[in-house]
Amino acid sequence: MATTIAVLGAGSWGTALGMQLARMGHEVRLWARDAERAEAMERDRVNQRYLPECPFPESLHATGDFDAACRGAEHLLVATPSHAFGETLDRITPFVTAETGLAWASKGFEPGTGRLLHEVARDRFGPEIPLALITGPSFAREVAQSLPTAVTVAATDPEFGQAWAELLHGNNFRAYYTADLVGAELGGAIKNVLAVACGMADGMGLGHNTRAALITRGLAEMRRLGRALGADDHTLMGLAGIGDLVLTCTGDQSRNRRLGMALGQGRSVDEALAEIGQVVEGIKTAEEVMRLAERAGVEMPIAEQVHGILFRGWNARKGVQVLMERDLKPETD
Ligand SMILES: NC(=O)C1=CN([C@@H]2O[C@H](COP(=O)(O)OP(=O)(O)OC[C@H]3O[C@@H](n4cnc5c(N)ncnc54)[C@H](O)[C@@H]3O)[C@@H](O)[C@H]2O)C=CC1
Ligand SMILES: O=C(CO)COP(=O)(O)O
């Protein structure tokens, strides 16, 4: 059934998801924090900055008015970067009810605390408000172009998860659902840090063997932290984990991979970020992953190297050496 959906955040991902929902016949209000940009999008029927080659479906409307986007909307979807999740919750709170629930598509943790975003939302709204997260291997441009894509919807309530899967599902977009928010959130966040590592290796020209080793041993790190924090391992072996890990470690559309490649080629973080000009979640996430890993007593040597290179001036080539020289151990660990 067609409904009205507010999508809060008009970067590449909010725009692409808004387009998918509009293609499914829903009335979509896409909020951009920059009112001029919202006006230009509404006038030109395209997000010129992030997805210039993808015209908007008819039932998608951009606005710079947050409250107007949310007022009367039957569903609410937050698609800001994770560092803006908390402040977006502040603004959205008056519009959230047990009927609307709250969904989001950000991948990362609360900065400074390492809390998962569903913990932040749960804390804010209590158990009465159903929550859902959309995650999985999904480059915005390919979704905007309607290329076949499959994602995971993780939700606190099965009906709410299914409802979001149904809102999105169809038109070359498949949505699976799960009750494992912890696994879905960890997978989507940690893969960004590992994509930086793979990008670095490729930037240094280390070859395909290195890339495959980083993906596989990176997955082992993800699953280890997942086990410690109560994730269902099936989730990490599915779209939200290995699926998104493979996509971002190998696909050059990934901003995290591109950051890594630039670092591997000898550019600085600031130079790389200026070139990419979009959010690179893996940077802040590297800090929070290390915080969580330390707290849980879990070894994450690849994530640790990425963190050291980003924040402590460690050398990327030396990092590879450190990883290669670690003590021998069984592969199952
Ligand atoms: N682009 C993609 O392919 C995918 C992105 N994601 C996730 O979606 C989230 C958003 O990323 P993108 O749209 O790709 O980023 P982007 O870099 O394309 O756009 C970021 C947008 O967020 C807005 N923004 C920044 N700070 C804000 C704030 N404080 N309040 C409101 N808006 C703010 C910016 O104005 C911009 O419109 C991230 O967590 C990302 O990991 C998830 C899956 C796919
Ligand atoms: O999460 C993504 C695809 O699933 C997008 O990855 P990047 O943020 O690295 O571009």
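Since this is a predicted model, take the numbers as computed values, not measurements.

So, about the site of ligand 2. Every one of the 13 residues lining ligand 2 counts as a neighbour, but Ser138, Thr248, Ser254, Arg255 and Asn256 are closest to it. Looking at the shell around ligand 2 element by element, the count peaks at three residues for helix α11 (residues 239-250). When grouped by side-chain class, the residues that make up the shell around ligand 2 number four nonpolar, five polar and four charged. Counting contributing residues per domain, the shell around ligand 2 is built from domain 1 (4-179) and domain 2 (182-325), each supplying no fewer than three.

On to the UniProt feature "binding site: NAD(+)" (unreviewed entry) in the protein chain. If you check UniProt for "binding site: NAD(+)" (unreviewed entry), the listed places come out as Gly9, Ala10, Gly11, Ser12, Trp13, Gly14, Ala140 and Arg255 in our numbering. Its location among the elements puts Gly11 in the loop between β1 (4-8) and α1 (12-23). The buried category is assigned to Gly11, around which 20 C-beta atoms lie within 10 Å. In this structure Gly11 touches Tyr50, Ala79 and Val279, once residues within four positions along its chain are discounted. For Arg255, the position within the fold is in helix α12 (residues 255-264). Filtering out sequence-adjacent residues up to four positions away, Arg255 remains in contact with Ile276, Gln278, Val279 and Val280.

Okay, the domain arrangement of the protein chain next. How large an interface is tends to be reported as the accessible area lost when its parts come together. Taken as a whole, the protein chain is organised into domain 1 (4-179) and domain 2 (182-325). Computed from C-alpha coordinates alone, the two centres of domain 1 and domain 2 are separated by 25 Å. With 25 residues of domain 1 at the contact, the number on the domain 2 side is 24 residues. Elements that contribute at least two residues to the side of domain 1 that touches domain 2 include exactly α5 (117-125), β6 (131-135), β7 (149-155) and β8 (173-178).

With that out of the way, let us pick up the sheet that holds strand β3 (residues 60-63). Taken together, the eight strands give an open sheet; going across it, the order is β3-β2-β1-β4-β5-β6-β7-β8, and neighbouring strands pair in mixed fashion. Looking at the sheet topology across the chains shown, the edges are occupied by β3 and β8. Strand after strand, the sheet turns through a mean of 25 degrees between neighbouring axes, direction not considered. Pairing of β1 with strand β2 (residues 27-31) involves five bridges; the strand directions are parallel. Among the inter-strand pairings, Val7 is bridged to a residue of β2, identified as Leu30. Contacts between helix α4 (residues 85-92) and the sheet are confined to β1, β4 (75-78) and β5 (102-104), with β4 contributing the most and set at about 155 degrees to the helix.

Basis of the calculations
- Residues numbered from 1 in each chain as written.
- Chains lettered and ligands numbered in written order.
- Predicted model: local features only at pLDDT ≥ 70, side-chain atom pairs only at ≥ 80, totals over all residues.
- Near = placed C-beta within 6 Å.
- Helix = DSSP H or I, 4+ residues; strand = E, 2+ residues; numbered from the N terminus.
- Nonpolar A, V, L, I, M, F, W, Y, C, P; charged D, E, K, R; others polar.
- Domains from an automatic or database assignment.
- UniProt positions renumbered as here; feature names shortened; annotations may be inferred.
- Buried ≥ 20, exposed ≤ 12 C-beta atoms within 10 Å, placed from the backbone.
- Contact = placed C-beta atoms within 7 Å.
- Pairing = 2+ DSSP bridges.
- Axes fitted to C-alpha atoms, helices over the stretch in contact; angles between N-to-C directions.

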